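Read off the chains here:
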Amino acid sequence: MIVVEYTDAPTLWREAEAFLSRDPANNTHQLSAIKRILDLGARGGERFFVIRTEQDALVGSAVAVDTQTLFLSLMDAATVTVLATHLRDAKVQLSGVIGREDVLKAFTESLMSPFSTHVNLMLYRLEGSPEFGRALGGGRLATMDDLSLLVDWHAAFEQEVSMIKVPTPLEERVTRRIRDRQLTLWIDDGRVVSFAGANALPAASARVGPVYTPPKLRGRGYAQAVTAAASLQVQSDEPRTVFLNTDAINPASNKAYQRIGYRHIADHAHLLFHA
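As the structure is a prediction and not an experimental result, all values here were calculated from the model.

Criteria and cut-off values
Residues numbered from 1 in each chain as written. Predicted model: local features only at pLDDT ≥ 70, side-chain atom pairs only at ≥ 80, totals over all residues. Heavy atoms only, no water. Buried < 20%, exposed > 50% of the residue type's maximum accessible area, 1.4 Å probe, protein only. Helix = DSSP H or I, 4+ residues; strand = E, 2+ residues; numbered from the N terminus. Contact = heavy atoms within 4.5 Å. Phe/Tyr/Trp six-rings, centres within 6.5 Å; stacked < 30°, edge-to-face > 60°. Polar contact = N/O pair within 3.5 Å; in protein donor to acceptor, adjacent residues only side chain to side chain. Core = buried A, V, L, I, M, F, W, Y, C linked by side-chain atoms within 4.5 Å.

A. Representation of helix H6 (residues 170-179) within the structure. Considered for burial, the residues of H6 that qualify are Leu170, Arg173, Val174, Thr175, Arg177 and Ile178. In this fold, the buried residues of H6 make contact with helix H5 (147-160), strand S8 (183-188), strand S9 (191-201) and strand S10 (205-212). Phi for arginine 181, located one or two positions after H6, is positive at around 60 degrees.

Rendered as structure tokens:
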């Protein structure tokens, strides 16, 4: 097997679309990274890799984004070993890596670089129509009138989950998601009480996240309701298979998503490499 590096996301997508679309669930992290680059353009420092057999069959792919985080596709242990060895020998700088746990195990064993676990992720898939639960109120799409509130709530969410900092300013990211109709709000008694993001991805798939309710408003079913609403909104143009990731150590959110109709299908993780 050999590793081939491409210079841009369109070339990678042209070569790897069929491969990645075979398992949009376990490739959802990379599909999301590719779509973001295709839609918004590269910011500098991105790198794009595929692994091919001697018969030129594509058997794996990886995308390193501008934060030096590597997104791994689903691949077998032999393939990921070839990739990790190539990156190590080429001295490719990585701050972290995201993928399915078994792929990550083979990758880190071959890379031989010290690491720690930033977060263990449980991957869920929506089965059937989402259950809204007991929350009072109703949902609607966010508008630019909601920008200030949503910037504050995104900041609170990112601090709460210790999210890795990204170069793009937060207000710019929230503005884009509002304009792209990716943020759903839950309204109770005339006020916004919760929000959920959801964005369409290739391979007739979609991802929900983030989901946030201020601490003082938790325990009333708002997170379940707004996630259900966002899960429907992201399918308003066409049927999609909807996924979401949860922190494995957060039992409350995991139970809430299961009540909606999400089912656990795989375990992924985000690892950080030591400087």
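Once the structure has been displayed, the description carries forward.
B. The arrangement of the packing of aromatic side chains in detail. Within the structure shown, the criterion is met by five aromatic pairs. On the basis of an interplanar angle of 45 degrees and a centroid distance of 6.4 Å, the ring pair of phenylalanine 195 and tyrosine 212 is categorised as tilted. Residue phenylalanine 195 is located in strand S9, and its partner tyrosine 212 is located in strand S10; the two are separated by 17 residues in the primary sequence. The exposure class assigned to phenylalanine 195 is buried, which follows from its relative accessible area of 0%. Ring centres 6.5 Å apart and planes at 75 degrees place the aromatic pair tyrosine 257 and tyrosine 262 in the edge-to-face group. For the pair tyrosine 257 and tyrosine 262, one class covers both residues: buried. Through a chain of ring-to-ring contacts, three or more aromatic side chains come together here, namely Trp153, Phe195 and Tyr212.

C. Summary view of the side chain of threonine 69. With respect to the helices, strands and loops of the structure, threonine 69 is situated in strand S4 (residues 69-72). What makes threonine 69 buried here is its relative accessible area of 5%. A polar contact is formed between the side chain of threonine 69 and the side chain of threonine 67, at a distance of 3.0 Å. Not counting the four nearest positions on each side in its chain, threonine 69 is found in contact with Val63, Ala64, Ser95, Gly96, Val97, Ile98 and His270.

D. The arrangement of the nonpolar core in detail. In this structure, Trp186, Val208, Val242 and Tyr262 are the most contacted members of the largest nonpolar core, which totals 24 residues. Mapped by element, the contributors of at least two residues to this core are strand S6 (115-126), S9, S10, helix H7 (222-233), strand S11 (241-247) and helix H8 (251-260). Ranked by residues supplied to this core, first place goes to H7 with six residues. What tyrosine 262 contacts, discounting residues up to four positions off in sequence, is Tyr124, Arg125, Leu126, Val208, Thr227, Ser231, Val242, Phe243, Leu244 and Tyr257. In terms of nonpolar packing, the next biggest core, distinct from the first, is built from 23 residues, Leu70, Leu72, Val97 and Leu111 among them.

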